[in-house]
Structure formats: C-alpha cells, structure tokens
Amino acid sequence: MFLDKVKIECKAGNGGNGVVAFRREKYVPNGGPSGGDGGRGGDIIFKVSKNIDNLGEFRFKKKFKADNGEDGSANNKFGKDGHGLIIYVPKGTVIRNATNNKVIADMVEDDEEKVILKGGQGGRGNSHFATSTRQAPRFAEQGVVTKSFELILELKTLADVGLVGFPNVGKSTLLSSVSNARPKIANYHFTTLTPNIAVVNGFGNSFVMADIPGLISGASEGAGLGIDFLRHIERTRLIVHVVDIAGTEGRNPIEDYYAINQELAKYGEKVANIPQIVALNKSDMLEDKNVIEEFKKELGLQDNVFVISAFTHEGLDSLIECVIKTLAKLPKVERLEIEEEEIDKRNLRQFEVRKVSSGVFEVDGELIFEIMKRVNLEDMASNAYFQKRIKNDGIIDALLEIGLQEGDMIRIGDYELQYFE
Ligand SMILES: Nc1nc2c(ncn2[C@@H]2O[C@H](COP(=O)(O)OP(=O)(O)OP(=O)(O)O)[C@@H](O)[C@H]2O)c(=O)[nH]1
Ligand SMILES: [Mg+2]
C-alpha cells in the first residue's frame, strides 16, 4: 500500500552499566578495582534505499528500538556497544520531530545516511573512581538511559518531472509510453490513486518522472482526491502539464489549462512557480487541427508546447528532448532547512536551583536527572560519589549563592539531603 505520511516511535539503545569488581591475584590479598565500563547504546540511523518508493512498510511496524550497550564486567572488560538500527526510507523523506513539527532531516541523496538518535553513553566501571584516599571504590556509574521520541516521516517525492492534469487526459499512458513503468490505465476518472514514479531514458540521459492522481477544479478545497498528492509535485523541477487537446470529454482544453494552474496557485507559490512544459495529448483524436493554434495563441505560448499522442507515440521524442534540455538548465532540488539539529538535546550542564521556603531548596534540570540516573543512593559509596558530583558540578555553589546554609534541606527529585559543609 502506498503511504506517504506516518508517525513512528524510535528509541536509541541505553548505555550499559559500569560494574564494580576487584582483581583477584594470587599473592595480592586485596586487588585493585577492575570493574569494566558499559558499552554505548546503538544509534537510530535513517538511510535512503533505492528499493522503496513510499512509506508503506511503516504501516504496521511503527516502533523501532536500537540495542542497548552491554554492562561491563570484571577484569576491566568493556561491555559491547549496542548495534545501531538502520531504518530504510525512500529518497525524499522528510523527518520531523512530532512534538514541535520541526524538520530534523531531509533525506535527498541516494544512500544518504543520518544518525537521528544517539545511543546512550556507557557507565564507567569502578576502576575509574579510585583515588589515593579511595583505593577500593564500591560503586560504578550506570549507563545513560535514552528517551523514546515520536517522529513524523513525510515523503515529498524527489522526481525531476511531475505530470499534472485533469483525470483521464492520459498522464499514466504518457508515463508508460516513455518508461518501463506499467501504471494502471483506464477510461474513467481517478484511475491513478497514488503516485507512480519511473525513470525515463532518452538521448543519452535519464530523469525521474512522477505521475500523480488527476486534479479537478476545487481540488485545493478537497474536491476529487484533493491536493494531498501535490506534495509529490512540490519538489519536482519541471511540470509537464498534460491537456486533452481533443476535448474528448466535452471540456474546453484552454479552460482546462487555466483551471489546473489555478489549483496549483492555490496550493502555493512554490508549486505555481515550477516551470511548465505543455503536452497537448490525444492529438490522434483531434479532428480540427486549428484548435492547436488557438490554444497557443490564447495562452501566448509558442515554445514549450508539444502536440503528442501518448497512444500512438507521436511527438514523444520531441517532448522528451525538450524536457532533458530544460532540466539541464534548472537548479537541483534544495534540501529543506534543518530546523532542529539534535532532537535528543540533553544539556548535561544544565541545572536549576530554587529556594522553596525558608531552609528548603530544590534542584532540577538535565544534569541532575543525568546524575540521579547514574548513581545508586542506597549504596554508601555511590552516595558519597553523588555528593561529590553535586559539589564539583557547581550545584552547591549555586545553592550557596541563593542563600543555602548549614543544616538546610536540599530536594533533588524524590531525594532529600541535609546540607553540611
Ligand atoms: N486516443 C487516445 N487515447 C488516449 C491517449 N492517451 C490516453 N488515452 C486514453 O485515455 C484514457 C485515460 O488514460 P490514463 O492514462 O489512464 O489517464 P490519466 O490521466 O492517467 O487518468 P487518471 O489516472 O484518472 O487521472 C485511457 O483509456 C487511455 O487509453 C491518446 O494519446 N490518444
Ligand atoms: Mg492515471
């Protein structure tokens, strides 16, 4: 099933825990600390795959988790790093943070790869905490526990050329006549329900062409299949505007042309400004050839109008040649502006201190959150380490600045401690 917008949930791996261990050596009664570090958690990585052209694979699978890092072990053995998880997406996938809708990545190159969530750091083993006065530290750091994030994946197809026009004018027939694609073709409206994308080869060149469902008047207000599919035209460099010049359904080709352009304009300036080549199709059905001149005259168009028959292949070579020449002069598609560089922005230096009431202070912020996750306060040694960290990281100084005194209470999360110098 064709799917071009999904919300998924991703979590990078947690860091493995550092461990507490001591060397056991034959003639050394009390060996030094030898607890190894935990491994790093695996990253969540997005990668462009040529083999997929839409987000259908995310229809049922919406949760992704990279492996956790392994815990360290004795003899200073590091825990293994967790494997990164690669999530494959089609070219043209825009990745947004679901909480604020900001663009995190725009996957526009073949095989492009980007780390979206970094795995948690591993905790350090007890050997890191030995000092001259503490030769046998009985604690180690816990690994960083990562958060899970909701992401929106939106496909904005990257095709060079988009086929636009009323239903039944022969867009899919044209695509099938110039490429290997075999889209459904039939004599009724809205045969094409989702975009078809194919490579067109010709004149020693190639380009990608997208055929989207037909548009009708009022599409921008939701008529017909609406304009949802125009997101796949948004990033094309050139539009081939297909018109039924024979008016086989009784409509006037000139009015058709205006009506479609009006819908494009309503969708947005960007789409309205994409250069167009007009393909006057079904010319094999046209009895009065004057219609072609009238069309060109009325619209003041001379170049960039091609009389074709997708059915008999008349005029297709000239059309494709012109498309290739025009594309050569047009700029490449620009990547969307990245609005948020890092989604999991833990500011590990950030903390806040507050005076709650007389003699009671509160501390919170990412730094505290981080420290709390990594220590075990039940354990005396770990607790001592914790107290040292809040001192070394400047938290105590910040509290003293706002009036902390001997014997006052400090609240950190669920934990309370009394301050003594
Ligand atoms: N005589 C003639 N018939 C054509 C030509 N191109 C397409 N047709 C016929 O027109 C009908 C519609 O063709 P499609 O290619 O499905 O049209 P479409 O624009 O993709 O239509 P939607 O997907 O519904 O928007 C089919 O019966 C085609 O065989 C042409 O150049 N000459
Ligand atoms: Mg079609």
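### Things to note about the overall build of the protein
Then step 1. If you tally the helices and strands in the protein, you get eight helices and 18 strands.
Then step 2. Scaling as 2.2 N^0.38, a compact globule of 421 residues should have a C-alpha radius of gyration of about 22 Å, whereas the protein reaches 32 Å, well beyond that.
Then step 3. Across its three principal axes, the protein shows a C-alpha extent of roughly 105 × 55 × 35 Å.
Then step 4. Looking at the protein as a whole, 40% of its 421 residues are labelled buried.

### Details of the pairing of strand β8 (residues 148-155)
Then step 1. Here strand β1 (residues 5-11) pairs with β8 via seven bridges, running antiparallel. Paired with Glu-9 across the two strands is Glu-150, which belongs to β8.
Then step 2. Across five bridges, strand β5 (residues 93-97) lies against β8 in antiparallel orientation. Following the sheet pairing, Thr-93 is matched in β8 by Leu-155.

### A short note on the sheet that holds strand β16 (residues 360-364)
Then step 1. One open sheet holds the four strands; their spatial order is β15-β16-β17-β18, and the pairing between them is mixed. Of all the strands in the sheet, the pair left with one neighbour each is β15 (352-357) and β18 (415-418). With strand direction ignored, the average angle separating the axes of adjacent strands in the sheet is 25°.

### Looking at the domain arrangement of the protein
Then step 1. What the domain assignment reports for the protein is domain 1 (1-157), domain 2 (161-329) and domain 3 (352-418).
Then step 2. The straight-line distance from the C-alpha centre of domain 1 to that of domain 2 is 47 Å.
Then step 3. The interface of domain 1 with domain 2 comprises five residues on the first partner and eight residues on the second.
Then step 4. Partitioning the side of domain 1 that touches domain 2 into residue classes produces one nonpolar, two polar and two charged.

### Notes on helix α5 (residues 316-329)
Then step 1. The end-to-end C-alpha separation of α5 is 20 Å, in line with the 20 Å expected for 14 residues at 1.5 Å each.
Then step 2. Those residues of α5 not exposed but buried are Leu-319, Ile-320 and Val-323. Buried residues of α5, viewed axially, fall in a sector of 95°; they line one side. Opposite the buried face of α5, at more than 90 degrees from it, the exposed residues are Ser-318, Lys-325, Ala-328 and Lys-329.

### Side note on the site of ligand 1
Then step 1. Around ligand 1, 23 residues are found, and the nearest of them are Gly-170, Ser-172, Thr-192, Gly-214 and Phe-311.
Then step 2. Among the elements that line the shell around ligand 1, the one with the most residues is helix α1 (residues 171-178), at three residues.
Then step 3. Partitioned by chemical class, the residues of the shell around ligand 1 number nine nonpolar, eleven polar and three charged.

### Let's talk about the nonpolar core
Then step 1. Judged by nonpolar contacts, the single largest core of 43 residues is most densely connected at Leu-163, Val-164, Val-242, Ala-279 and Leu-280.
Then step 2. Element by element, the count of residues in this core is highest for strand β12 (residues 238-244), at five residues.
Then step 3. Of all hydrophobic cores here, the second largest spans 21 residues; its members include Ile-44, Phe-46, Val-89 and Leu-155.

### Side note on helix α6 (residues 366-374)
Then step 1. Those residues of α6 that sit buried are Leu-367, Ile-368, Glu-370, Ile-371 and Arg-374. Taken end-on, α6 shows its buried residues confined to a sector of 160°, consistent with a single buried face.

### As for unusual backbone geometry
Then step 1. The residue Asp-111 is not glycine, and still its phi comes out positive at about 60°.
Then step 2. Tracing the chain through its elements places Asp-111 in the loop between β6 (103-107) and β7 (113-117).
Then step 3. On the basis of neighbour counts, which here come to 10 C-beta atoms within 10 Å, the residue Asp-111 falls in the exposed class.
Then step 4. Within the chain, Phe-190 stands out as a residue other than glycine whose phi angle is a positive 60°.
Then step 5. Here Phe-190 shows up in the loop between α1 and β10 (196-202).
Then step 6. The class of Phe-190 is partly exposed, set by 13 C-beta atoms lying within 10 Å.

### Some words on the environment of Ser-206
Then step 1. Relative to the helices and strands, Ser-206 is located in strand β11 (residues 205-211).
Then step 2. As a C-alpha pair, Ser-206 and Lys-184 span 22 residues in sequence and 23 Å in three-dimensional space.
Then step 3. Excluding its chain neighbours within four sequence positions, the residues that come into contact with Ser-206 are Val-199, Val-200 and Asn-201.

### Observations concerning the environment of Asp-228
Then step 1. Its location among the elements puts Asp-228 in the loop between β11 and β12.
Then step 2. The exposure class assigned to Asp-228 is partly exposed, which follows from the 14 C-beta atoms found within 10 Å.
Then step 3. Linking Asp-228 and Tyr-267, residues 39 residues apart in sequence, is a C-alpha distance of 9.7 Å.

### Here we look at the packing of helix α2 (residues 253-267) against helix α4 (residues 290-299)
Then step 1. Relative orientation of the contacting elements α2 and α4 amounts to 40°, with a least axis distance of 10 Å. By the angle class used here, α2 and α4 are oblique. Of the two possible hands of crossing, α2 and α4 adopt the one that is right-handed. Mapping the contact onto sequence places Pro-253, Ile-254 and Tyr-257 in α2 and Val-291, Phe-295, Glu-298 and Leu-299 in α4.

About the criteria used
Residues numbered from 1 in each chain as written. Chains lettered and ligands numbered in written order. Predicted model: local features only at pLDDT ≥ 70, side-chain atom pairs only at ≥ 80, totals over all residues. Helix = DSSP H or I, 4+ residues; strand = E, 2+ residues; numbered from the N terminus. Rg over C-alpha atoms; globule rule 2.2 N^0.38 Å. Buried ≥ 20, exposed ≤ 12 C-beta atoms within 10 Å, placed from the backbone. Pairing = 2+ DSSP bridges. Axes fitted to C-alpha atoms, helices over the stretch in contact; angles between N-to-C directions. Domains from an automatic or database assignment. Contact = placed C-beta atoms within 7 Å. Nonpolar A, V, L, I, M, F, W, Y, C, P; charged D, E, K, R; others polar. Expected span 1.5 Å × (residues − 1). Arc of directions from axis to C-beta. Near = placed C-beta within 6 Å. Core = buried A, V, L, I, M, F, W, Y, C linked by C-beta atoms within 7 Å. Parallel < 35°, antiparallel > 145°, perpendicular 65-115°, else oblique. Left-handed = near helix turned anticlockwise from the far one by under 90°.

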